[in-house]
Amino acid sequence: ELATALALVQQRTGTNLGYIKDLNLRRRFMRRVLLQKDRDIPAYLQLLRTDAREATALRDDILIGVTAFFRDSEFVNVLQQTVIPRLIELRHDPIRVWVPACSTGEEVYTIAILLKEALDAEGLSRKVQIFGTDINEAAIEFARGGRYAASAIEGVPEPYRDSAFKPVASGFVVNKDIREMCVFARHNLLTHAPFFGMGLISCRNLLIYLRKEAQQHVFEVLHYACRSDGFLLLGRAEAVHSSDGFEHAGAPHLFRKIPNGQRKRMFP
């Protein structure tokens, strides 16, 4: 039944979910089945055949978009104390950052806020391009708008709340100068052409959901996209080895590119 559901999702949405670990697939599939009034797998498969909206809902449920502003104080500290000072010191123009699987954009804007703060403190005017990408079109559209409910910015430290957001009737909107640093686009990390020339790639909590062969492919893409002096940030439960073309950079969950790092096959 799961294989049939995945085939229907791919047929309806164009998205292949076969690279995700079985446990996550089964859990999310059964969740969608139980949400229906019949709670019956054959009936649910028939629903997928007849209702494109349910195929999209199942896809989005499986992809699990979890993000937040200033999520994980350790991540913020590594950015402030290690990564951003180094990006500024290297004097690349523009400073380029990529956040794959960005969901609704909170992490992208967090990095933009911290970069702007550091540049302003140094009195520097440097072009910044932060690319936020995701496979979910609705999430990307939401991120582009930069408009969030008041509850979404509760985790934002107060000084940033005042400097980076403007209150509106429905909550808060990210200030224009921050939004202009960010570019959002739909992108499939496993099938679309990679970005390149990135000083930082923040790919947190995506790899833990992928099968091993998909993880290896992602590392090839990230290695290709990263500058020779660039950084890679991963989630708490994720790691990368020298055989993947990266080495630990001396801060939690932070890695640097090995310029001639061994890769199993060339990309693409």
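About the thresholds
- Residues numbered from 1 in each chain as written.
- Predicted model: local features only at pLDDT ≥ 70, side-chain atom pairs only at ≥ 80, totals over all residues.
- Heavy atoms only, no water.
- Helix = DSSP H or I, 4+ residues; strand = E, 2+ residues; numbered from the N terminus.
- Rg over C-alpha atoms; globule rule 2.2 N^0.38 Å.
- Buried < 20%, exposed > 50% of the residue type's maximum accessible area, 1.4 Å probe, protein only.
- Contact = heavy atoms within 4.5 Å.
- Areas by Shrake-Rupley, 256 points an atom, 1.4 Å probe, with all protein chains shown as cover.
- Lys, Arg positive; Asp, Glu negative; His and termini not counted.
- Charge placed at Lys NZ, Arg CZ, Asp CG, Glu CD.
- Pairing = 2+ DSSP bridges.
- Axes fitted to C-alpha atoms, helices over the stretch in contact; angles between N-to-C directions.
- Phe/Tyr/Trp six-rings, centres within 6.5 Å; stacked < 30°, edge-to-face > 60°.
- Lys NZ or Arg CZ within 6 Å of the ring centre and 35° of its normal.

### Concerning the overall build of the protein chain
Secondary structure assignment for the protein chain yields ten helices and ten strands. In terms of overall size, the protein chain behaves like a compact globule, its C-alpha atoms giving a radius of gyration of 20 Å where 268 residues would be expected to give roughly 18 Å. A buried classification covers 49% of the 268 residues belonging to the protein chain. By sequence separation, contacts in the protein chain at least 24 residues apart represent 72% of the contacts at least 6 residues apart. Summed over its atoms, the accessible surface of the protein chain is roughly 13100 Å², and 49% of this surface lies on carbon and sulfur atoms. In the protein chain, the 36 positive side-chain charges and the 31 negative ones have mean positions that sit 4 Å from each other.

### Concerning the side chain of Arg-32
Mapped onto the elements of the fold, Arg-32 is located in helix H2 (residues 22–35). The contact partners of Arg-32, leaving out residues within four places of it in the chain, are Tyr-44, Glu-54, Ala-57, Leu-58 and Asp-61.

### Describing the sheet that holds strand S7 (residues 198–202)
As summarised here, the arrangement of the seven strands in space is S6-S2-S1-S7-S8-S10-S9, forming an open sheet in which the pairing is mixed. Each edge of the open sheet is held by one strand with a lone partner, namely strand S6 (182–186) and strand S9 (246–248). Taken pair by pair, the neighbouring strands of this sheet meet at an average axis angle of 25°, ignoring direction. Bridge count between strand S1 (residues 95–99) and S7: two bridges; the pairing is parallel. The residue bridging Val-97 from the neighbouring strand is Leu-200, located in S7. Against the sheet, helix H5 (residues 73–90) makes contact with S1, S7, strand S8 (226–233) and strand S10 (254–257), and its axis sits at roughly 170° relative to S8, the strand it touches most.

### Some details on the side chain of Gln-129
Turning to its location among the elements, Gln-129 is positioned in strand S2 (residues 128–134). Look past the residues within four positions of Gln-129 in its chain and what remains in contact with it is Pro-94, Ile-95, Arg-96, Val-97 and Met-181.

### Brief notes about the packing of aromatic side chains
The way to describe two aromatic rings as a pair is by their centre distance and the angle between their planes. The final tally for this structure, using the stated rule, is nine aromatic pairs. A ring pair is formed by Phe-69 and Tyr-148, whose centres lie 4.9 Å apart and whose planes are at 80°; its orientation type is edge-to-face. Within this pair, whereas Phe-69 is found in the loop between helix H4 (52–63) and H5, its partner Tyr-148 is found in strand S3 (residues 147–148), the two being separated by 79 residues in sequence. Assigned by exposure class, Phe-69 and Tyr-148 land together as buried. Taken together, the ring pairs in this structure connect Phe-69, Tyr-109, Phe-142, Tyr-148, Phe-165 and Phe-184 into an aromatic cluster. Lying across the ring of Phe-75, Arg-204 places its NZ or CZ 3.6 Å from the centre.

### A word on the sheet that holds S3
The strand order across the open sheet built from three strands is S3-S5-S4, with neighbouring strands paired in antiparallel fashion. The sheet is open, and its two edges are formed by S3 and strand S4 (165–168), each paired on a single side. Alignment of S4 against strand S5 (residues 171–174), held across four bridges, turns out to be antiparallel. Within the sheet, the bridge partner assigned to Lys-166 lies in S5 and is Val-173.

### Focus: the pairing of S5
Direction of pairing for S3 relative to S5: antiparallel, over a ladder of two bridges. What sits directly across from Tyr-148, in S5, is Phe-172. Taken together, S4 and the strand that follows it, S5, pair antiparallel across an intervening segment of two residues.

### Concerning unusual backbone geometry
The phi torsion of most residues other than glycine is negative, and most of the peptide bonds are trans. The omega torsion of the bond from Asp-93 to Pro-94 falls at 5°, within 30 degrees of zero and hence cis. The residue Pro-94 is located in the loop between H5 and S1 in this model. Phi at Ala-101 takes a positive value of approximately 50°, unusual for a residue other than glycine. Its place among the elements puts Ala-101 in the loop between S1 and helix H6 (106–122). Under the relative-accessibility criterion, Ala-101 is labelled partly exposed at 41%. In the Ramachandran plot, Ser-103 falls in the positive-phi region, its phi being about 55° despite a non-glycine side chain. Structurally, Ser-103 is set in the loop between S1 and H6.

Just distances and angles here, no functional claims.
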